[in-house]
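Observations on the three-dimensional arrangement
In case you want the letters, here they are:
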Amino acid sequence: MGRGERTHALSTTHLEMCRFKSPTDPGLVCIVACIKRLCTDPNNVVKLDERYAIPMKPPFPRNVHFCAREGILEEIQSIFWPNYHFQEDQSHPLGRKSITLQGSGGTGKTQVLLEHMYRFHAYKRGYSSIFWLNSDSVASLEASAYDILGNIIGHYDGMWRGATDCDQRIAHSLKIFEPSITTRATLMEALNKASSVKILRDWLSHEPNSRWLLVLDNYSPDVDLHTILPATDVGHVLVSTRSYNAYPGSHSIAMPDSIGEAESVDLLIRSSGKGLRVSRNDMAWASTIVKTIGQLPLALDQVGAYICSLQISLQKYAKLLKSEPERQMNEKITNTIHLGAIWEISWSKLSEKAKGLLQLCSLLSAHDIPLKLLQGGKRDIGLMIDDETITETIGCLLSFSFASVSPDDTSISIPPLVHTWIQQRLEQDEKALQQYRELVTYMLTSSFVFDDAKTLSEWSYERQILPHIIRCTEIVESQSNWGGKSMDDRSKEVVCSLAKAYERLSDPQKACSLYKLALNGVKKPGYTIQDFKTMDAYGMNLALQGKHEEALNWYTQALEGAESTVGMENILVLSIVLHIATVFMEQGQYDQAAEQYQRVLLVQEKKYGKDHLKTLETLYRLAVTYIHQENHDAALELLHKVRDVRERSPSLGNSHPSTLETLESIAKVLEKQAKYHEALEIHHSVVDRKVSSLGENHHSTLETVDGIASMYARQEMWNEALDWNGKLLDGLSKLFGAGNVKHPWTFSTFTRIADVHHHLGKYHDAEKGYKKAYAGFKDLGIETKELETAIKIGTVLRKRGHYTEALSCSRTAEKELEKKLGRDHTSTLAAVLNVASIFDMQGNYAEAFKRYQQVLTLYTKLSGPQHPDSLATTSAIANILTKQGAFQKASQLYTSTQPTQEKVLGPNHPQTLSTIQGHAILLSELGKYDHSIQLQERVVTAVSNALGISHPETHIATYHLAVAVENKGQLTEASKCYNQVISGLPAQHPYVLLATRGMGNIHLLSQRYEQAYSLYQRATSGLKEMLGDKHPETLRAVTSQALALMKMGRLEESESMYRDALGSCGETLGAEHPLTLTAVHGLAQACKKRKKFKEATAGFRRAKEGREKVFSKAHRDTEESRRALVKVKRRSWGWFF
């Protein structure tokens, strides 16, 4: 009953419950009122999310003879639905409940599950969808899941039929994103390449999808339940199994072997077809049969089917049973000794064709044997000569209950115990067993179709029959000597077909082992055409695994044999040559690839003509080879030929995919030739043609829009790149639905837009875009993309000065990428470099140096010391050495790196400019101010020209120029530069604070001490908050502030601040770092002012000796400490005497 409803007691017996005296009968009036209210009150109407209300697809028709297990059904119902609240609030999730039905074979577990399924489907009680999976093996589970996905796709197709993005919506709902989904064919191709169990589990995990029932029949502990059950704690799970404690944590219900004598008699009467005309004599003989065979439901059903099929009396069957000797069954099958006798009686009445078919099926999996598979026997098996004969034979098996048929009549299943009994029976005749093993492999592989036009439908078929493929493969592998005979061509064909099936099932290793089996013992001169086909197929398998040399070896053998046997013009020979060319392309041996393509072209032009589609395809491949050879003019010539013919072809035309593919290849060649304008014109032309033929928001159209946006970005035409990425994003929104854009392509576009903002210096916008993409990839579970986006977030946070957040983000990405991809993967190294850069900005030079050194070692190992990545990392190490005061080592690295970068990358490449800037900073530290200013001006000019005067990178370059001119004493020019930085960057940017400190230096040198102190104080406060108390830039500001205090006469405060700064500098940077020595010198000055001459003398001496070591004797700072030491000695002598 619905919530809030009352029950109504009717004044009638159970025999008259459907009978009312008149339309005004009070009982009838009450029932009608309840039904009306149930159907009209929104609070009582069952509301299910249409997306997850999948029509039920039961494995078998409902058993009309079901009886005797009502108690089991009621217990299942009471556990799943206590208090019978079937129509509880459908908006709430259905909490996870699990039941395991455990019992021996033949007790009717499957029938109980089936009846429960039908009852709840019939009344629409509580569940949005009910799914049935065979779970006796991993393969069966995969096949069942695939069938369910087909049902889900059919449901969605009905919901969205007519929508231009129907297939994209379906793919998105199933979380299938690769490859690009544009049609039903590409959707099915993607589905066929993935794990159906995983896709189904992910679909069951959708947050709104929380009211399903999953039925797992014949569960084997060999199957890991976690592979199919979602991690979310929702849904009902009903399992049947023979194994004890197979599903720990579930509620276990034991299925007794017997169903009771009265119920057994009832079941026998029903199944024998005598229910309507049963006599007392029949009842007595039925009771006798039950006492003889026991109360196992399977046995009773089998006896009933025999009696019904032959229309004999119960008495006659009892006599037959008495004359049949008892046959002890295998203990693994059952504890009943009469099943064998029952089956033998039924077996004796089967036709020879039915017996043969049953024995063939016993060598397959017991469940879901498609009619198409059985029809594969028409080629080799006499008893299956045509479809009519097969149908009649199946009917015979059904009538004796040796098989059951699916509701749509497309497949049959054999009861597991019957299946096992037939196997055991067949195994008693070794000769017959060998014959049937051979025939069943013929039958299975003859049902395959390897025509390219039917590839996708065949993939689907092979996924559905995976358990049968595995069984036949086991047969092939177990009798590899094929009865002591050498393998004939028919047997080789069987093995080769199985191998091809495994390739389509995405198991190339299994296919590889089968190809080896087919070729085992094959030697010259006994090669046949089938051997050449197998060699070619094996070569393709090896090539797909990246084993190119092995592939070439087999291709060469196949080519030599096939060419000498059937000639160069044979289709097989041409195919082998094309495969060889493909391997050469993969190996980068473009000359050899071109030679093979030219060889094929000569034959095709002669055989088919120059304008034939096959000839054009080879010509196109040759053009692509020329592109790889950098032979752009030759490539363009061929591509233009291909384009012209394809455009003129009646079967292709201007807008055919192959024509557009040719145009896009032409555009790529033009871009390589730096003919950007022409390339863009072609890309725009392709877009126009695709819009005209496919529509503005078609997947293929948007792919070209994506390519144009990327091309603009590569040319650093940022505004155009933003515009086209915006068009792409708008198209994707329409393609996937405005509220349904959670697709990797969408989030990749967010990333590319953020990249453009990053290049434009709009870091806040870039950060927002990256974080949006990051959240999307994380939601979709695309971990690598998620982590790579995290690196970009860390980079932009670093550039915004949010170092703590940047470090946390980047270190997490570094750790997870190393775990997932390895330490030497490019994405991992990018994360390590970003972490190193953040440590650098935080003043943690030791950690930064350590990481840079690790990355340099890997880059040098992978690409060599002169690779751009190696050079950039070397430059970063030189920068760290400068900050650590190791000027000589830094100078050596800059001197070797900068010229190489200018040669390899160009003088104005960002990496070259970064090295020049670092070198200029080092020169300034060494007192070579003119050279430093010259280099800094060069950097400012180059960055400004490339990015614009308002770009953050331009302002940062201007800051470094300001420092250089300040060091030389050009205060007016330095002040102008510092003010440009302060006005051009956000107020809380680190470089604004550094420029504020720089302006404090200008005021200090101009003897405006109060203003200098105020600026130093502001800079110090901001840097402490942003970078921390012990960051080198913070400490530099503190020492400047202490100097200002000293100039203002606040000597005690100055001394205290210098002592604090010196302690932090020594701890953070080391005793000989230039900044530490600056603090030493400053503290000595404060001590001198306060007449602490002994301490001052020691301080000046330490500063002088340290600066001599770090800089040189002639350096300005060294000279300053030397003069101060001389003066303080004089003062101390005067005071002493």
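Criteria and cut-off values
- Residues numbered from 1 in each chain as written.
- Predicted model: local features only at pLDDT ≥ 70, side-chain atom pairs only at ≥ 80, totals over all residues.
- Heavy atoms only, no water.
- Helix = DSSP H or I, 4+ residues; strand = E, 2+ residues; numbered from the N terminus.
- Rg over C-alpha atoms; globule rule 2.2 N^0.38 Å.
- Buried < 20%, exposed > 50% of the residue type's maximum accessible area, 1.4 Å probe, protein only.
- Contact = heavy atoms within 4.5 Å.
- Areas by Shrake-Rupley, 256 points an atom, 1.4 Å probe, with all protein chains shown as cover.
- Salt bridge = Lys/Arg side-chain N within 4 Å of Asp/Glu carboxyl O.
- Phe/Tyr/Trp six-rings, centres within 6.5 Å; stacked < 30°, edge-to-face > 60°.
- Lys NZ or Arg CZ within 6 Å of the ring centre and 35° of its normal.
- Pairing = 2+ DSSP bridges.
- Axes fitted to C-alpha atoms, helices over the stretch in contact; angles between N-to-C directions.
- Parallel < 35°, antiparallel > 145°, perpendicular 65-115°, else oblique.
- Left-handed = near helix turned anticlockwise from the far one by under 90°.
- Nonpolar A, V, L, I, M, F, W, Y, C, P; charged D, E, K, R; others polar.
- Arc of directions from axis to C-beta.
- Core = buried A, V, L, I, M, F, W, Y, C linked by side-chain atoms within 4.5 Å.
- Polar contact = N/O pair within 3.5 Å; in protein donor to acceptor, adjacent residues only side chain to side chain.
- pLDDT = per-residue confidence, 0-100.
- Expected span 1.5 Å × (residues − 1).
- Disulfide = S-S within 2.5 Å.

1. Examining the overall build of the protein
What the protein contains, in helices and strands, is 50 helices and eight strands. Relative to its length of 1137 residues, the protein is extended, with a C-alpha radius of gyration of 41 Å against a globular reference of 32 Å. C-alpha atoms of the protein, sized along the principal axes, occupy 140 × 85 × 55 Å. Burial analysis of the protein (1137 residues in total) assigns 52% to the buried set. In the protein, of all internal contacts separated by at least 6 residues, the share reaching a separation of at least 24 is 64%. Surface exposure of the protein reaches about 51900 Å², of which carbon and sulfur atoms provide 51%.

2. Description of the pattern of salt bridges
A side chain of one charge can pair with a side chain of the opposite charge when the charged atoms of the two come close. Within the structure shown, the criterion is met by 56 salt bridges. As a salt-bridge pair, aspartate 387 and lysine 378 come within 2.9 Å of each other at their nearest N and O atoms. Among the ionic pairs, lysine 1109 bridges to glutamate 1072, the shortest N-O distance being 3.0 Å. One end of the pair, lysine 1109, is in helix α49 (residues 1093–1110); the other, glutamate 1072, is in the loop between α47 (1051–1068) and α48 (1074–1089), with 37 residues separating them in the sequence. Three or more residues are tied together by salt bridges with common partners; here these are Glu814, Glu818, Arg823, Glu847 and Arg851.

3. Description of the packing of aromatic side chains
Per the counting criterion, the structure on display carries 16 aromatic pairs. Residues tyrosine 959 and tyrosine 991 carry aromatic rings whose centres are separated by 5.3 Å and whose planes lie at 75 degrees to one another, so their mutual orientation is edge-to-face. You can see tyrosine 959 sitting in helix α42 (residues 952–968) and its partner tyrosine 991 sitting in helix α44 (residues 990–1005), a full 32 residues away along the chain. Owing to a relative accessible area of 6%, tyrosine 959 belongs among the buried residues under this scheme. For tyrosine 991, a relative accessible area of 13% corresponds to the buried category. Members of the aromatic cluster, joined through ring pairs, are Tyr52, Phe131 and Trp203. Positioned above the aromatic ring of tyrosine 620 is the side chain of arginine 646, whose terminal nitrogen or guanidinium carbon lies 5.5 Å from the ring centre. Its guanidinium or amino end placed over the ring of tryptophan 724, lysine 727 lies 4.0 Å from that ring's centre, counting from NZ or CZ.

4. Section: the sheet that holds strand β5 (residues 251–254)
Judged by pairing direction, the sheet is parallel, and its five strands sit side by side in the order β2-β3-β4-β1-β5 without closing on themselves. Single-partner strands in this sheet number two, and they are β2 (129–134) and β5. With direction set aside, neighbouring strand axes in the sheet form an average angle of 15 degrees. In the sheet, β2 pairs with strand β3 (residues 212–219) via six bridges, with the strands oriented parallel. Each residue of the ladder has a partner; that of phenylalanine 131, found in β3, is leucine 214.

5. Focus: the side chain of serine 210
Along the chain, serine 210 falls in the loop between α7 (196–204) and β3. For serine 210, a relative accessible area of 6% corresponds to the buried category. In contact with serine 210, other than residues within four places in its own chain, are His92, Pro93, Leu94, Val234 and Gly235.

6. Some remarks on the packing of helix α36 (residues 826–842) against helix α37 (residues 845–863)
At a closest axis distance of 8 Å, the pairing of α36 and α37 adopts a crossing angle of 155 degrees. By the criterion of interaxial angle, the relationship of α36 to α37 is roughly antiparallel. At the point where α36 passes α37, the crossing takes the left-handed sense. The segment α36 lies against α37, with Leu829, Val832, Leu833, Val835, Ala836, Ser837, Phe839 and Asp840 engaging Tyr845, Glu847, Ala848, Arg851, Tyr852, Val855, Leu858 and Tyr859. Residues that form the contact of α36 with α37 fall into these classes: twelve nonpolar, one polar and three charged.

7. Structural notes on helix α11 (residues 314–323)
For α11, the full list of buried residues reads Leu314, Tyr317, Ala318 and Leu321. For α11, the arc enclosing every buried residue in end-on projection is 105 degrees, short of the 170-degree limit, so these residues lie on one face. Within α11, the exposed residues directed more than 90 degrees away from the buried face are Lys319, Lys322 and Ser323. Packing partners of the buried residues in α11 comprise α8 (261–271), α9 (280–293), α10 (297–310) and α12 (339–347).

8. Looking at the nonpolar core
Counting 158 residues, the largest nonpolar core has Tyr317, Leu350, Leu374, Met384, Phe402, Met443 and Ile469 as its most contacted members. Sequence-distant contacts of methionine 384, that is, excluding residues within four places in its chain, are made with Leu357, Leu360, Leu374, Gly377, Lys378, Ile390 and Met443. In terms of nonpolar packing, the next biggest core, distinct from the first, is built from 75 residues, Leu807, Ala876, Ala962 and Ile1002 among them.

9. Examining the environment of histidine 909
Along the chain, histidine 909 falls in the loop between α39 (887–904) and α40 (910–925). Among the residues examined, histidine 909 registers a relative accessible area of 27% and is labelled partly exposed. Distance in space between the C-alpha atoms of histidine 909 and alanine 946 is 9.7 Å, their sequence separation being 37 residues. In this structure the side chain of histidine 909 is engaged in a polar contact, spanning 3.0 Å, whose partner is the backbone nitrogen of glutamine 911.

10. A look at the sheet that holds strand β6 (residues 369–370)
Spatially, the three strands line up as an open sheet ordered β6-β8-β7, and their pairing is antiparallel. Every interior strand has two partners, whereas the edge strands, β6 and β7 (404–405), have only one. By the bridge criterion, two bridges tie β6 to strand β8 (residues 411–413) in an arrangement that is antiparallel. In the strand pairing of β8, proline 370 is matched with serine 411.

11. Regarding the pairing of strand β1 (residues 97–102)
For β1, the buried fraction is high: five of the six residues fall into the buried class. As paired elements, β1 and strand β4 (residues 236–241) share six bridges and run parallel to each other. In the sheet register, serine 98 faces β4, and the bridge partner there is valine 237. Bridge count for β1 against β5 is four bridges, and the pairing is parallel. Note that in β5 the partner of leucine 101 across the bridge is isoleucine 253.

12. Points about the environment of glutamate 263
When you line up the elements, glutamate 263 lands in helix α8. The sequence separation of glutamate 263 and valine 476 amounts to 213 residues, and the corresponding C-alpha distance is 46 Å. Not counting chain neighbours up to four residues away, the residues in contact with glutamate 263 comprise Cys67 and Ala68.

13. A look at the confidence of the model for the protein
The share of residues in the protein with pLDDT of 70 or more is 91%, and the mean pLDDT across the chain is 86. Counting interchain partners and residues more than four positions distant, the pLDDT-below-50 stretch residues 1–17 has 14 contacts.

14. Let's talk about the environment of lysine 606
Looking at the element boundaries, lysine 606 is found in helix α25 (residues 590–607). C-alpha of lysine 606 to C-alpha of arginine 62: the two residues are 544 residues apart in sequence and 63 Å apart in space.

15. Thoughts on helix α41 (residues 929–947)
Taking 1.5 Å per residue as the helical rise, α41 with its 19 residues ought to reach 27 Å, and the 26 Å between its terminal C-alpha atoms agrees with that figure. Residues of α41 that are buried: Tyr929, Ser932, Ile933, Leu935, Gln936, Val939, Val940, Ala942, Val943 and Ser944. Where α41 terminates, the next one or two residues include glycine 948, which has phi positive at roughly 105 degrees.

16. Overview of unusual backbone geometry
In the segment running from lysine 524 into proline 525, the intervening peptide bond is cis, with an omega of -5 degrees. Position of proline 525 among the secondary structure elements: in the loop between α21 (508–519) and α22 (529–544). Its identity is not glycine, yet asparagine 218 carries a phi of approximately 55 degrees, on the positive side. Within the secondary structure layout, asparagine 218 lies in strand β3.

17. Focus on the state of the cysteines
All told, the structure shown has zero disulfides when counted by the stated rule. For the unlinked cysteine cysteine 512, the closest cysteine sulfur is that of cysteine 496, found at 12 Å.

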